[in-house]
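# Coordinate analysis (summary)
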Amino acid sequence: MTYDFILFEHLYAVQNHYKDLTNLVVLLKAAGYRVAIADAFKEAILCKVEGVPHINISIKCPKEFKEPSTYLPKRSALKKLYYRIRKDFYMYKVVKYLNSMTDNMYVGSMTLDTPVFFMRAFSPNKTYYIWALRSSHVLPWKKKIRNFSSLVSMMLYNNMKKHHNLRLLVSNKLIQTEFIEKAGVKIDRLILRPERFISTIKRPATRCQKENKTLHLLFIGTLRPFKNVEFCLKALNKLNDENIYYTIAGRCKKRCDENYNQFVKELAEKTKNVSRIDRYIPEEEYLMLIEDCDFLILCDKTQESCASNGTMSEALLSGKPIIAPDFNPFKYEIENYGVGYLYRYNDLDSLCDILIKAREEGVEHFTDNLYNYQKMFMMDEVARNLKAQIERN
């Protein structure tokens, strides 16, 4: 049997990428395409959509490809390189195996962990899709830094340019612009595909009480140094406001971040009204915590290139405003759609002023803007726009 689209995800170590794969399958199905999921890695377990068949890959997938977190830390750099080469050959065989079943294939996410030589299996009369998370993954080599990441980025860049039937899915217009201006990708090879969408508009009740003007803030997600949650803790310590509450939910995934986790824990213990949930947050609880807050607060440090922020999207599409520093993508969303407050990046006084303003004003005046924002991400609208771009390209 042939399908309009077959999809799989090679970044099997990150469950978020399987959630994104599932969302893309749902969108393509809603757009009227005949879709199938190839069980190349962990799709059979982590990507299930009602009414969408799975294709069993007859090529054996080595165990270490499905459990890299237990395999890679024990290996030397040479062993890791060997692992990468073997994965590349496996993906080459998978694409070859699936080519006869579809004219369109989604091969997962493009990061510095993405193999490149498997693209030699691309058939010239078919179209392939990859999720291009950020332009910085294909640009380090231009800085003339001589290391392994630079070599990988150069190979990704060259293969991206070489295969004209490869389309890049990007999450927003900011990332699209960066690929055009910094990486020289033509606009007809870029397809806008929001990571999140909704089927109903939400107007959740707020915990922000007008009587005593309490404010409930939330950070949620993987705890990493660039998330800069200590900046919010420092602001709360400076304000010493008994009516502001802060929940930090999520764990460190990497061992190298454990010292940061301990640092945040110690600082949180010295700060009033701070709750720390130091573990993996399952999806149901994740959504409940967003539902239960007044504002999602983001204190991220600047990065090399613009990237989407899944937590920000989840909050906005749940009807919750955000507090964030004044750089993209946060600046773009807040300035264009009026869905939160911006503070000056790295300015503690500016953040303190915004927290006081948020507590005094509450979230009510964001209601209409959040409603209008959510309307843009209704599933039928997103699916229709995605299909129009696919057909045009």
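Our subject in this report is the structure included herewith. (Residues numbered from 1 in each chain as written. Predicted model: local features only at pLDDT ≥ 70, side-chain atom pairs only at ≥ 80, totals over all residues. Heavy atoms only, no water.)

In this section: the sheet that holds strand β9 (residues 244–249). One open sheet accounts for six strands, arranged β10-β9-β8-β11-β12-β13; its pairing is parallel. Strand pairing shows two members of the sheet lacking a second neighbour, β10 (274–277) and β13 (340–343), which therefore form its edges. Mean inter-strand twist for the sheet, computed between neighbouring axes without regard to direction, equals 25 degrees. Packing against the sheet, helix α13 (residues 348–361) makes contact with β8 (215–220), β9, β11 (295–297), β12 (322–325) and β13, and its axis sits at approximately 160 degrees to β13. (Pairing = 2+ DSSP bridges. Helix = DSSP H or I, 4+ residues; strand = E, 2+ residues; numbered from the N terminus. Axes fitted to C-alpha atoms, helices over the stretch in contact; angles between N-to-C directions. Contact = heavy atoms within 4.5 Å.)

Here the focus is the sheet that holds strand β1 (residues 5–7). Strand order in this open sheet of seven strands is β3-β2-β1-β4-β5-β6-β7, and the pairing throughout is parallel. Only two strands of the sheet have a single partner each, and these edge strands are β3 (54–56) and β7 (190–192). Each neighbouring strand pair of the sheet contributes to a mean axis angle of 30 degrees, computed without reference to strand direction. On top of the sheet, helix α7 (residues 173–181) reaches β4 (104–110), β5 (127–132), β6 (166–170) and β7; it is set at about 170 degrees to β7, its chief contact. Here helix α15 (residues 379–392) sits on the sheet in contact with β1, β5 and β7, set at roughly 165 degrees to β7.

On to the packing of aromatic side chains, then. Tallying each qualifying case throughout the model produces 15 aromatic pairs. With a centroid separation of 3.9 Å and 5 degrees between ring planes, the pair formed by Phe 122 and Tyr 128 is classed as stacked. A single burial state applies to Phe 122 and to Tyr 128, both of which are buried. Here the aromatic rings of Tyr 373 and Phe 377 are separated by 5.0 Å at their centres, their planes lie at 40 degrees, and the arrangement is tilted. Look at Tyr 373 and you get buried, because its relative accessible area is 4%. Here Phe 377 falls in the buried class, since its relative accessible area comes to 16%. Put simply, the rings of Tyr 332, Tyr 337, Tyr 373 and Phe 377 pair up and form one aromatic cluster. Taking NZ or CZ as reference, Arg 193 lies 5.3 Å from the ring centre of Trp 131, over its face. The ring of Tyr 33 carries the charged tip of Lys 387 above its face, separated from the ring centre by 5.5 Å. (Phe/Tyr/Trp six-rings, centres within 6.5 Å; stacked < 30°, edge-to-face > 60°. Buried < 20%, exposed > 50% of the residue type's maximum accessible area, 1.4 Å probe, protein only. Lys NZ or Arg CZ within 6 Å of the ring centre and 35° of its normal.)

Their axes nearest at 9 Å, the elements helix α8 (residues 229–239) and α13 cross at an angle of 70 degrees. Between α8 and α13, the crossing angle belongs to the class labelled roughly perpendicular. Where α8 crosses over α13, the handedness of that crossing is right-handed. Listed contacts from α13 to Phe 231, Cys 232, Lys 234, Ala 235, Leu 236, Lys 238 and Leu 239 of α8 are Leu 348, Asp 349, Leu 351, Cys 352, Leu 355 and Ile 356. Tallied by class, the residues present in the contact of α8 with α13 amount to 10 nonpolar, no polar and three charged. (Parallel < 35°, antiparallel > 145°, perpendicular 65-115°, else oblique. Left-handed = near helix turned anticlockwise from the far one by under 90°. Nonpolar A, V, L, I, M, F, W, Y, C, P; charged D, E, K, R; others polar.)

The next point concerns the nonpolar core. In this structure, Phe 8, Leu 98 and Phe 179 are the most contacted members of the largest nonpolar core, which totals 67 residues. A total of six residues in this core trace back to one element, the largest contributor, which is helix α1 (residues 15–30). In contact with Phe 179, other than residues within four places in its own chain, are Met 110, Ala 132, Arg 134, Ser 135, Val 138, Met 160, Leu 168, Val 170, Gly 184, Val 185 and Leu 190. (Core = buried A, V, L, I, M, F, W, Y, C linked by side-chain atoms within 4.5 Å.)

The α-helix advances 3.6 residues per turn, and as a result positions three or four apart in sequence lie on the same side. For α13, built from 14 residues, the straight-helix expectation of 20 Å at 1.5 Å per residue is met to within 8% by its first-to-last C-alpha distance of 20 Å. Of the residues making up α13, those classed as buried are Ser 350, Leu 351, Cys 352, Ile 354, Leu 355, Ala 358 and Arg 359. Near the N-terminus of α13, the side chain that reaches the backbone nitrogen of Asp 349, with its oxygen 3.1 Å away, is that of Asp 347. Positive backbone phi, approximately 75 degrees, marks Gly 362, located one or two places after α13. (Expected span 1.5 Å × (residues − 1). Polar contact = N/O pair within 3.5 Å; in protein donor to acceptor, adjacent residues only side chain to side chain.)

All right, on to the pairing of β4 then. Most of β4 sits inside the fold, with seven of its seven residues counted as buried. Both β1 and β4 contribute to a ladder of two bridges, which runs parallel. Considered in β4, the bridge of Leu 7 is made with Tyr 106. Where β4 meets β5, five bridges bridge the pair, whose relative direction is parallel. Residue pairing in the sheet places Tyr 106 in a bridge with Tyr 129 of β5.

Following the criterion strictly, the structure yields 16 salt bridges and no others. Close ionic contact of Arg 276 with Asp 278 constitutes a salt bridge, the shortest N to O distance being 3.4 Å. When its relative accessible area of 22% is taken as the criterion, Arg 276 is described as partly exposed. Arg 344 is the partner of Asp 347 in a salt bridge, and the nearest nitrogen-oxygen pair spans 3.0 Å. Overall, the relative accessible area of 47% leaves Arg 344 in the partly exposed class. It is possible to trace a salt-bridge network through shared partners that takes in Lys 19, Asp 20, Glu 195, Arg 196, Glu 283 and Glu 314. (Salt bridge = Lys/Arg side-chain N within 4 Å of Asp/Glu carboxyl O.)

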